[in-house]
Amino acid sequence: MDGHEHDQNMPPSYPPGASHGSSADDEYVARHQKVDSEGYPSKSSRLSSFALEFVTIIAVALLISVITKTFFAQAFAIPSESMEDTLIPGDRILVNKLADDEDDLARGDLVVFVDPGNWLDDIPEPDVPGWQQILIDMGEAIGLVPQNVGDHLVKRIIGMPGDQVTCCNDEGLITVNGEAIRETYVKPGVAASNTTFDVIVPEGHVWVLGDNRNRSKDARFHQQASGFGFVPMSSIEGRAWLTVYPLDRFGTIPSATHVFENVPVPER
């Protein structure tokens, strides 16, 4: 066999990039692999890919939001003046949901809690159109909309389980386990309390008051009304720690635990 015959029997070769199929083959590949005539992804393929990535990013963001709201932090709105001047109406706050039991909370902490029963009975339900309520419910469910006080309240812990909380001594100060506390967070010009009380906080509960004592229906009011003004630990959502809106009020909520630093351990 000479060289000429050997060349005739060899399979054909093609330079790189050259097409060796039929035009029908090229059309099949372009149609099923969604590429254009030059081998690049088609416009429809690029749009589909972008849409899929966008939906995936949104889904992951919503999942992270739900997990954060469920386990770590949640936003709430302040609707009334009961916590002035620490918090004012219109403030949006973040609550640390990991701080929700006796081991993580202390006297002086601000806490958000679910209405333990009849604390919000005199608050009128807002008149919201059905479609707006659906959007609000969806926003609250994923943590994009602050929870309102339709179900929640925010107050300051004054007595922990076992504490004896009394109002008031000769100076007009509340005492905890016999130690007078000088409450630097109470709204200026407002007395510690115009209502007298002497209570021992039961296990698993706290005694809470608003900072604006004249405008707060707190433990004092409910103690007089029902004989039981304590909030169960199980109702506490967490400790308020950050004001996020309005922006000119952005910042951490000051701790007041130092006010109680000389309070002795209760006799249980």
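Preceding this section is the structure that the text describes.
Thresholds applied
Residues numbered from 1 in each chain as written. Predicted model: local features only at pLDDT ≥ 70, side-chain atom pairs only at ≥ 80, totals over all residues. Heavy atoms only, no water. Salt bridge = Lys/Arg side-chain N within 4 Å of Asp/Glu carboxyl O. Helix = DSSP H or I, 4+ residues; strand = E, 2+ residues; numbered from the N terminus. Buried < 20%, exposed > 50% of the residue type's maximum accessible area, 1.4 Å probe, protein only. Pairing = 2+ DSSP bridges. Contact = heavy atoms within 4.5 Å. Disulfide = S-S within 2.5 Å. Phe/Tyr/Trp six-rings, centres within 6.5 Å; stacked < 30°, edge-to-face > 60°.

**Observations concerning the pattern of salt bridges**
- The full count for this structure, using the stated rule, is eleven salt bridges.
- Between Lys97 and Glu237 there is a salt bridge; the shortest N-O distance is 3.5 Å. Here the residue Lys97 occupies a position in the loop between strand E2 (92-96) and strand E3 (110-114), and Glu237 occupies one in strand E11 (residues 236-245), the gap between them amounting to 140 residues.
- By relative accessible area, Lys97 is classed as buried at 14%.
- With a closest N to O distance of 2.8 Å, Asp218 and Arg220 form a salt bridge. Both residues of the pair, Asp218 and Arg220, count as buried.

**Here's the deal with the pairing of strand E4 (residues 152-159)**
- Of all eight residues in E4, eight are buried; the element is thus mostly enclosed.
- Two elements, E3 and E4, share five bridges in a ladder whose sense is antiparallel. When the sheet's bridge partners are listed, Val112 is paired in E4 with Val154.
- Examined bridge by bridge, E4 and strand E9 (residues 205-209) share three bridges and lie antiparallel to one another. Pairing of Ile157 across the sheet is with Val208, part of E9.

**Considering helix H5 (residues 219-226)**
- Residues of H5 that are buried: Ala219, Arg220 and His222.
- Here the buried face of H5 lies against strand E8 (197-200) and E9.
- Trailing H5 by a residue or two, Gly227 shows a phi angle of about 85°, which is positive.

**Observations regarding the state of the cysteines**
- Applying the stated rule across the entire model yields one disulfide.
- Between the sulfur atoms of Cys167 and its disulfide mate Cys168 the distance is 1.9 Å. Linking Cys167 and Cys168, the disulfide has an S-S dihedral of approximately -75° and is accordingly described as left-handed.
- Classification of Cys167 by relative accessible area gives buried; the value is 6%.
- By relative accessible area, Cys168 is classed as partly exposed at 28%.

**So, the packing of aromatic side chains**
- Scanning the entire structure with this criterion turns up four aromatic pairs.
- A centroid spacing of 5.2 Å and a plane angle of 45° characterise the contact between Phe197 and Trp207, whose relative ring orientation is tilted. In this pair, Phe197 is assigned in strand E8 and Trp207 in strand E9, connecting sequence segments ten residues apart. Considered together, Phe197 and Trp207 belong to a single accessibility category, that of buried residues.
- Aromatic side chains Phe228 and Phe230 sit 5.0 Å apart centroid to centroid with 75° between the ring planes, which places their arrangement in the edge-to-face category.
- Following the ring pairs from residue to residue traces out a cluster consisting of Phe197, Trp207, Phe228 and Phe230.

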